[in-house]
Amino acid sequence: MELVNLFPKVLGISTIDLSDSEHNMVMKTIRAVELETYLPDMEDSKRYTFEFLEKKNLYFLKEKIFNSFKEYATKVYGSEKQKYQMNTSWLKVFQPNERGHFHQHRNAMVSGLYYPEEMPEDKQGDVVLHDTGNETSYFVQRDDGVNRGTYFVRPMKNRIIFFPASTFHSVNRNLTDKTRFSIAFNFVPVGPTGFHDSYIDLK
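Residues numbered from 1 in each chain as written. Predicted model: local features only at pLDDT ≥ 70, side-chain atom pairs only at ≥ 80, totals over all residues. Heavy atoms only, no water.

This brings us to the confidence of the model for the chain. Caution is warranted with low-pLDDT regions, since their predicted coordinates should not be read in detail. Counting all residues, the mean pLDDT for the chain is 87, and 87% of those residues have values of 70 or more. For the chain, the element scoring lowest by mean pLDDT is strand S11 (residues 200-202), at 77; strand S5 (residues 110-115) scores highest, at 98. (pLDDT = per-residue confidence, 0-100. Helix = DSSP H or I, 4+ residues; strand = E, 2+ residues; numbered from the N terminus.)

Encoded structure:
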């Protein structure tokens, strides 16, 4: 029997190769930023800094992230010619006992997360991707992610993930005694794309 995985959302998981000095620069920059209030009316969504990867001393990290994204985009969308740009990036910080709310990213095509540090496996802090399009009320537990309403990704040192920006996600509560950091970013296509009455040239 032929089985077709109909209209799947594709999660990309990889690792960025950073030297010790590069990783130290990332952590030094993270710890030096002045954290701001983000969505103060929403529980456990309190710290961010926008355009984080536009800092000159993190240009090397932005370039490595973009190269990894191009691999994801080419494999998922099937075009090496299509151009993209990173239109936003921000630092997200979860202090002990904080968690991330259920949300998706707007005004973007692909979203991603980079983790500079590992979180203990039994201390949560995982990002949780939610399948909001599952039409069946029956649940079958499987190890490969099929027929599963959620998928968990554990923060690992220099791990990077990509997923469609429309994917709803959240972050499990940080049960450690240290701060959990992640760098988030969005991508949009630029230049000519589409065809016929769907053609557009995005600047």
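The subject of this paragraph is the side chain of Ser 111. Following the sequence through the fold, Ser 111 ends up in strand S5. Apart from residues no more than four positions distant in its own chain, Ser 111 is found in contact with His 105, Ile 161, Phe 162, Phe 163, Pro 164, Ala 165, Phe 185 and Asn 186. (Contact = heavy atoms within 4.5 Å.)

The next point concerns empty space enclosed by the protein. Summed over all chains, the structure comprises 1 cavity of 30 Å³ or more. Empty space within the largest cavity amounts to approximately 30 Å³. If you go around the largest cavity, the residues you meet are Tyr 115, Glu 117, Met 119, Pro 155, Lys 178, Thr 179, Arg 180 and Phe 181. Among the residues forming the lining of the largest cavity, the class breakdown is 4 nonpolar, 1 polar and 3 charged. (1 Å grid on protein atoms, 1.4 Å probe; cavity = no way out; pocket = protein on both sides within 12 Å on 5 of 7 lines; lining within 4 Å. Points joined across faces, edges and corners; volume = space filled by probe spheres on them. Nonpolar A, V, L, I, M, F, W, Y, C, P; charged D, E, K, R; others polar.)

Taking 1.5 Å of rise per residue, 19 residues should cover 27 Å, and helix H2 (residues 59-77) covers 26 Å from first to last C-alpha, within 8% of that figure. Turning to H2, its buried residues number three or more, namely Phe 60, Leu 61, Ile 65, Ser 68, Phe 69, Tyr 72 and Ala 73. On its buried face, H2 sits against strand S1 (12-15), helix H1 (20-32), strand S3 (83-94), S5, strand S8 (159-164) and strand S10 (180-193). Phi for Gly 78, located one or two positions after H2, is positive at around 75°. (Expected span 1.5 Å × (residues − 1). Buried < 20%, exposed > 50% of the residue type's maximum accessible area, 1.4 Å probe, protein only.)

With that settled, consider the packing of H1 against H2. Contact geometry for H1 and H2: axes closest at 10 Å, N-to-C directions at 110°. It follows that H1 is roughly perpendicular to H2 by the angle criterion. Across from Glu 22, Met 25 and Val 26 in H1, the residues of H2 making contact are Phe 60, Leu 61 and Lys 64. Here the residues of the contact of H1 with H2 are counted per class, giving 4 nonpolar, no polar and 2 charged. (Axes fitted to C-alpha atoms, helices over the stretch in contact; angles between N-to-C directions. Parallel < 35°, antiparallel > 145°, perpendicular 65-115°, else oblique.)

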